[in-house]
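Analysis of the macromolecular model
Now for the letters of each chain:
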Amino acid sequence: MANYARKVAENIDGLFFVDDTCIDCDTCRELAPETFADVGSYSSVYRQPVTSEETLRASRALISCPTGSIGTTEKIDLIPAFDSLPLELEENIYYNGYASPDSFGASSYFIRHPEGNWLVDSPKYQVKLVKKFEEWGGIKYIFLSHQDDVADAHRYAKHFSATRIIHRADQRAEPDAEMLIDGEDPVAITSDHLIIPVPGHTRGSCVLLYKDILFTGDHLWWSRNRKTLGAGRSVCWYDWGEQTRSMKKLLAYDFRRVLPGHGERVELAADEMKAHLEKLVSWMQARG
């Protein structure tokens, strides 16, 4: 729980505040960008919510913060925020919330599918999520994009008897995973789910192409500041040259939406998305 005595100086006075335990994971800025801002190595409240919808979004950020670094100066009703998660992004696609500190606050997602539901990376193990997933028919597969974002996948797998999928090169993060991806060839799990290995951020990084939606882990995201697709050399744990080559490989696929673990989500026309991806590949090659 956030401590008002430790609130960061940049907070604007009012109902919500951020304290100095913030790890700068971007969860709050993604969920409520009209309230929270990046002020260097942490977030702060730069504008207090005005409308009920803004308060709901800020409350959703509060309960999803992996380190409990967001608080309020008076007690508020959080039930609407709890009830709003998982957050529907489009039909059958959800953002889970409840980010885990074990994955540095990475976003995770849920896909409802008639052939079995998918958990994409893992949120914190949360009873409210478990109950919702049970109502939706459980979890058949847990896709783990890479070793950094497994969080509580083992607990969800045990509860739902789900099959965890991870690349063999990152298996040490989930040693008893039920399905391993090998090499760099794409693997079709169903007619709608294609796993594409993209080594670079980690040796075993993979993305999941679901229809025309790309779940990218920490391989690819939308840059809020640059207004284009981005990748981070400073957070490339394996090999930048390999990540550049992996990024170029994605030009062979059409997708209109990028749902990352870290960074901003984005939806564009497929041709516009490809133009941004081509621009990113050129930028990465110039910094090789």
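Located above this text is the structure these notes cover.
In every chain, residue numbers begin from 1 and rise along the written sequence. The predicted nature of this model means local features are confined to residues of pLDDT at least 70 and side-chain atom pairs, given and counted, to a pLDDT of 80 or more, with totals for whole chains, interfaces and linings taken over all residues. As a rule here, side-chain values cover all heavy atoms of the structure and leave hydrogens and water aside.

**Some points on the packing of aromatic side chains**
Ring geometry is summarised as follows: Phe, Tyr and Trp rings, the Trp one being its six-membered ring, pair when their centres sit within 6.5 Å, and such pairs are stacked at plane angles under 30 degrees, edge-to-face over 60 and tilted between the two. Applying the stated criterion across every chain yields a total of 12 aromatic pairs. Both rings, one in Phe82 and one in Tyr98, keep their centres 6.4 Å apart while their planes meet at 15°; by these two values the pair is stacked. On the criterion of sequence distance, the pair formed by Phe82 in helix 3 (residues 79-83) and Tyr98 in the loop between strand 6 (93-95) and strand 7 (109-111) is long-range, its members being 16 residues apart. Aromatic side chains Tyr95 and Tyr109 sit 6.3 Å apart centroid to centroid with 65° between the ring planes, which places their arrangement in the edge-to-face category. Strands are runs of DSSP state E lasting at least 2 residues, helices are runs of H or I lasting at least 4, and numbering of each runs from the N terminus.

**As for the packing of helix 4 (residues 127-135) against helix 5 (residues 153-160)**
To define axes, lines are fitted to C-alpha atoms, for helices over the stretch in contact only, and angles between the resulting N-to-C directions are given on a 0 to 180 degree scale. Viewed as axis vectors pointing N to C, helix 4 and helix 5 meet at an angle of 40°, and their least axial separation amounts to 12 Å. Considering the angle they form, helix 4 stands oblique to helix 5. As helix 4 packs across helix 5, the resulting crossing turns out to be right-handed. Contacts from Leu129, Val130, Phe133 and Glu134 in helix 4 reach Tyr156, His159 and Phe160 in helix 5. Put simply, Ala, Val, Leu, Ile, Met, Phe, Trp, Tyr, Cys and Pro go in the nonpolar bin, Asp, Glu, Lys and Arg in the charged bin, and everything else, Gly too, in the polar bin. Split by residue class, the contact of helix 4 with helix 5 holds 5 nonpolar, 1 polar and 1 charged. Any angle that is under 35 degrees is reported as roughly parallel, and any over 145 degrees as roughly antiparallel; angles of 65 to 115 degrees are reported as roughly perpendicular and all others as oblique. By convention the crossing between two helices is left-handed if the near helix lies anticlockwise of the far one by an angle smaller than a right angle, and right-handed if it lies clockwise. Pairs of residues are marked as contacts when any of their non-hydrogen atoms sit within 4.5 Å.

**A few points about helix 7 (residues 270-286)**
Taking 1.5 Å of rise per residue, 17 residues should cover 24 Å, and helix 7 covers 24 Å from first to last C-alpha, within 8% of that figure. Only protein chains enter the calculation, and the probe is 1.4 Å; a residue is then buried if its accessible area is under 20% of its type maximum, exposed if over 50%, and partly exposed in between. Residues of helix 7 that are buried: Met273, His276, Leu277, Leu280, Val281 and Met284. Taken end-on, helix 7 shows its buried residues confined to a sector of 145°, consistent with a single buried face. Exposed side of helix 7, more than 90 degrees from the buried face: Asp271 and Ala286 are the residues found there. In the core, the buried residues of helix 7 are packed alongside strand 16 (221-223), strand 17 (228-230), helix 6 (240-249), strand 18 (257-260) and strand 19 (266-267). To estimate how far a helix should extend, the number of its residues minus one is multiplied by 1.5 Å. The arc in question is the one traced by the directions running from the helix axis out to the C-beta atoms.

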